[in-house]
Amino acid sequence: MMSGLDHVLRYRRLRRTAAVRELVHECRVVTSDLIAPLFVREGGGSPTPVDSMPGVVRHTVETLVEACRDLHGLGIHGVALFPATDPALKDPLGREALNPDNRVCRAVRAVRGAVPDLLVFADVALDPYTSHGHDGILTPDGSDVDNDATVAVLARMAVLQAAAGCQFVAPSDMMDGRVAVLRKALDEAGHTGVGILAYAAKFASAFYGPFRDAVGSAAAAGTRSLDKRTYQINPANRREAVADALCDEAEGADILMVKPAGPYLDVLHELRGATRLPLAAYQVSGEYAQIQAAARNGWLDLVGAREESLLAIKRAGADFILTYFARDAALYRSQPGTKNGVV
Ligand code: PBG
């Protein structure tokens, strides 16, 4: 039989059957790659839904512990905790962040007590606690976030969270020099074993909107499009992002993170080549909300879009992924008929 084309290179040979496709599969997302971000609020009762994030809730400490047990049972190794603080507890200085009995510290103790093997990543930034919604303390004229004053508070916050039992603190504030100061404060307090997951390349992104609904930082500030451009990175700047991330490495970060993930795969890829540290990526609230919203309209296949979005992040260089899809993706992998997430 004559072939129609005089063409030798035929990539379709490796795509002909499921068996050969499996053999040449380059990259997989497994359950142990996933970390679940979870929200915890004040008070009791049932968890309250976050409207802009279908399937995501603000837990009470009790339901948080149940959720952590369930996630651990599904094979997920870690959770990242964020507080939805009662507006009455917010002030311009975010003082509640330094209350050793605040919601997050109590949540960390409860989760560590109930599910000791689960890794708990505690967020270090003031936005859940400030009445203006910024990640730090403002300068006296209120026009900007005061870097050095903020770092001093963050170091105290990190030590409290370490004392509560978290295995990692995760500074998400983007102040300069904070990783070194956190490392020193943790070591001086005896927490040499507590790691730092640095939000090393965090962009001033529009994709954080639903998260701000969840923690109430948007409502506190009276706007969803809080302007954080004096500390978060310009979405146009890849070189600057890599340089800033490498600075966190030099200051003693154990793991570097890129955030958001999907729109910044080039940054993830370049950073993968520039550091030997483990790399994390945060598939943020807006990335989750987009896929959920399109799927709800019948415009995208939820599982297909979810799996492809996670795979792309892994392929670009992430060792693990913080994602609101963590539970669904783990459940999917635990079902018969799926093998390592490949149907
Ligand atoms: C702030 C913080 C943000 C997120 C995590 N920590 C948003 C912001 O900068 O306002 C966003 C996470 C998400 O969108 O899922 N410290």
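A brief report on the enclosed structure follows. (Residues numbered from 1 in each chain as written. Predicted model: local features only at pLDDT ≥ 70, side-chain atom pairs only at ≥ 80, totals over all residues. Heavy atoms only, no water.)

1. A closer look at helix α2 (residues 61-73)
Its 13 residues place the ends of α2 18 Å apart at the C-alpha level, agreeing with the 18 Å of an ideal helix rising 1.5 Å per residue. Where α2 is concerned, the buried positions are Val61, Thr63, Leu64, Val65, Ala67, Cys68 and Leu71. Gly75 occupies a position one or two residues after α2 and carries a positive phi of about 100°. (Helix = DSSP H or I, 4+ residues; strand = E, 2+ residues; numbered from the N terminus. Expected span 1.5 Å × (residues − 1). Buried < 20%, exposed > 50% of the residue type's maximum accessible area, 1.4 Å probe, protein only.)

2. A word on the nonpolar core
Formed by 75 residues in total, the largest nonpolar core has its most connected members in Leu64, Cys68, Val79, Leu81, Val169, Leu182 and Leu268. For this core, the element with the most residues is helix α4 (residues 147-164), which contributes eight residues. Judged by nonpolar contacts, the second largest core, of 28 residues, contains Val50, Phe121, Tyr282 and Val284. (Core = buried A, V, L, I, M, F, W, Y, C linked by side-chain atoms within 4.5 Å.)

3. What to know about the packing of α2 against helix α3 (residues 103-114)
Between α2 and α3, the least distance of the axes is 9 Å, while the angle of their chain directions is 40°. Classified by the angle their axes make, α2 and α3 are oblique. Regarding α2 and α3, the two cross each other, and that crossing is right-handed. Contacts between α2 and α3 involve Val61, Leu64, Val65, Cys68 and Arg69 on the former and, on the latter, Arg103, Ala107, Ala110, Val111 and Ala114. Its residues assigned to classes, the contact of α2 with α3 comprises eight nonpolar, no polar and two charged. (Axes fitted to C-alpha atoms, helices over the stretch in contact; angles between N-to-C directions. Parallel < 35°, antiparallel > 145°, perpendicular 65-115°, else oblique. Left-handed = near helix turned anticlockwise from the far one by under 90°. Contact = heavy atoms within 4.5 Å. Nonpolar A, V, L, I, M, F, W, Y, C, P; charged D, E, K, R; others polar.)

4. A closer look at the site of the ligand
Near the ligand, the surroundings consist of 16 residues, among which Arg212, Lys228, Lys259, Ser285 and Tyr324 are the closest. Between a nitrogen atom of the ligand and a side-chain N or O atom of Asp135, the distance comes to 2.9 Å. In this structure, Lys202 approaches the ligand through a side-chain N or O atom, which is 3.2 Å from an oxygen atom. Within the complex, the protein chains bury 100% of what would otherwise be the 400 Å² of accessible surface of the ligand. Residue classes in the shell around the ligand are distributed as seven nonpolar, three polar and six charged. (Near = heavy atom within 4 Å. Polar contact = N/O pair within 3.5 Å; in protein donor to acceptor, adjacent residues only side chain to side chain. Areas by Shrake-Rupley, 256 points an atom, 1.4 Å probe, with all protein chains shown as cover.)

5. A word on the packing of aromatic side chains
If you walk through the whole model with that rule in mind, you get 12 aromatic pairs. With 6.1 Å between their ring centres and 45° between their planes, Phe39 and Phe82 make a pair best called tilted. Of this pair, Phe39 sits in strand β1 (residues 34-41) while Phe82 sits in strand β4 (residues 78-84), and the two are 43 residues apart along the sequence. Here the two residues Phe39 and Phe82 agree in accessibility, since each one is buried. Plain terms: the ring middles of Phe39 and Tyr324 are 6.0 Å apart, the flat faces sit at 15° to each other, and that makes the pair stacked. Taken together, the residues Phe39 in strand β1 and Tyr324 in the loop between β10 (320-323) and α12 (326-334) connect sequence positions 285 residues apart. By the burial criterion, Phe39 is buried, and Tyr324 matches it. Members of the aromatic cluster, joined through ring pairs, are Phe39, Phe82, Tyr199, Phe211, Tyr282, Tyr288, Tyr324 and Phe325. Between the NZ or CZ atom of Arg306 and the centre of the ring of Tyr332, over which it lies, the distance is 5.1 Å. (Phe/Tyr/Trp six-rings, centres within 6.5 Å; stacked < 30°, edge-to-face > 60°. Lys NZ or Arg CZ within 6 Å of the ring centre and 35° of its normal.)

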